[in-house]
Amino acid sequence: TASATAHNFDREVRLLFRAVACAGQEPLPAELQPVVERHCKEFEPLMENYRKKYIPRAQPFLVSLQPKDLPDVVVYPFGGGDLLSALTTYPHLSEVTTLSLEHAGDPRAVDGISPRDLERGLAKVRRRVSGLLVWTESTSENMIQLQQGDLPGQLAFFLVGLAVHGQEPLGLSFFDLAPDGAIVRLSAQDVSAREKVNAEKLNPVWKAPDFSDAFSNSEITFRKAGDPKAPIRVHRHVAADLSNDGLNKEPGVLKHLLAKGRVTAMTKAASYLLWSQPFSSICNYLVSHMEFMLSDSTGIPPRLAKSAGFEVLAYGRFDGPFLTAPAMASRDMQVLFASQPERELKFRYGYPDNARHDHLVLVRRPDRARASN
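Residues numbered from 1 in each chain as written. Predicted model: local features only at pLDDT ≥ 70, side-chain atom pairs only at ≥ 80, totals over all residues. Heavy atoms only, no water.

(A) Representation of the pattern of salt bridges. Summed over all chains, the structure comprises 20 salt bridges. Among the salt bridges present, the one from Glu-219 reaches Arg-185, with a minimum N-O distance of 2.8 Å. In this pair, Glu-219 is assigned in strand E5 (residues 218-224) and Arg-185 in strand E4 (residues 183-185), connecting sequence segments 34 residues apart. The exposure class of Glu-219 is buried, given its relative accessible area of 8%. Arg-185 sits in the buried class, given a relative accessible area of 14%. Here Arg-317 makes a salt bridge to Asp-319, at a shortest N to O gap of 3.2 Å. A relative accessible area of 31% means that Asp-319 is categorised as partly exposed. (Salt bridge = Lys/Arg side-chain N within 4 Å of Asp/Glu carboxyl O. Helix = DSSP H or I, 4+ residues; strand = E, 2+ residues; numbered from the N terminus. Buried < 20%, exposed > 50% of the residue type's maximum accessible area, 1.4 Å probe, protein only.)

Right under this line is the structure:
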């Protein structure tokens, strides 16, 4: 629930949007303008390539698979900073929640930054975000590197996703999740009190974030750029360990998801974690609360989805997992693709298979079935 004292970082998010994503109208300090111009000269062609080549090929097909009455609340576990793919996959969503090990980042870093530090930060963003724009996935290494540095890496990913899709941020705030799942928005006093408490690294081998834990979970409100009458939509990012142990340690995460009721889901490039027992709680949540899901092969194992009453359709080709993965679930996925007629897929969606074939898995309730094959 919203607090009257919640602190908004609206100016900072507009400044980041202008500097990182080359979009919006926020004025830049004169000394930063040449740095941003050089960045945008390099970065805008990458965004335009995704906008002009990937979206027209992928989005109409993805939308054609979706029943018209799907829940417009989307949950994207293991989503990292991938608001880009969420808006490509479900362009009509009203709310989307991404969950991953990465913390959002401190938006104040852009305020008063030196030209030299901005140049260095933007170069890092270009290097790390380009994988998402070119290959439609981000490696863990890219996410690790963006947990430290001159600019907030996850926020940069989010804002690039908005810019590519012609959206603009309206507001930015941060929150905690109470044990009962309720959103507890952070005030200026909360942020100040936690200034010296750095965010905890949620993967033991990753670099520890170099910013306060007040900036772990973010909420961005956004709408179609330049259209004040467009509906306001919400993206929330939750930094969380989605393993069973992690969810037991932070019960508010699962309770927050449960409070959403019926949802639409997606995942991609998720390291096959949903195939393994240590992540059974988040997998069971999806199976019991989603109406529909699009994923690459790292989504719900077909046998589990079918046993819960879902229909599972395969697109493209899958000969085996891209990374090391549980053998039983791998065979399950291979059987799925071998048992259905090959349906053409003309774009990459997350991981390829072990032979570089593109593929997509659709999981839906039978009563939501429509002519999609």
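Now that the structure has been shown, we can carry on.
(B) Local environment of the packing of helix H2 (residues 33-64) against helix H6 (residues 153-164). Remark: H2 packs on H6, axes separated minimally by 10 Å, with the N-to-C direction vectors making an angle of 55 degrees. Considering their axes alone, H2 and H6 lie oblique with respect to each other. Helix-helix and strand crossings are classified by hand; for H2 and H6 the assignment is right-handed. Side by side, H2 and H6 meet where Phe-43, Met-47, Tyr-50, Arg-51 and Ile-55 of the first sit next to Val-160, Ala-163 and Val-164 of the second. (Axes fitted to C-alpha atoms, helices over the stretch in contact; angles between N-to-C directions. Parallel < 35°, antiparallel > 145°, perpendicular 65-115°, else oblique. Left-handed = near helix turned anticlockwise from the far one by under 90°. Contact = heavy atoms within 4.5 Å.)

(C) Local environment of helix H12 (residues 327-339). Compared with an ideal rise of 1.5 Å per residue, which puts 13 residues at 18 Å, H12 spans 18 Å between its outermost C-alpha atoms and is within 8% of the ideal. Turning to H12, its buried residues are Ala-329, Ser-330, Asp-332, Met-333, Leu-336 and Phe-337. For H12, the arc enclosing every buried residue in end-on projection is 160 degrees, short of the 170-degree limit, so these residues lie on one face. Residues of H12 that are exposed and point over 90 degrees away from its buried face: Met-328, Val-335, Ala-338 and Ser-339. (Expected span 1.5 Å × (residues − 1). Arc of directions from axis to C-beta.)

Structural measurements only, silent on function.
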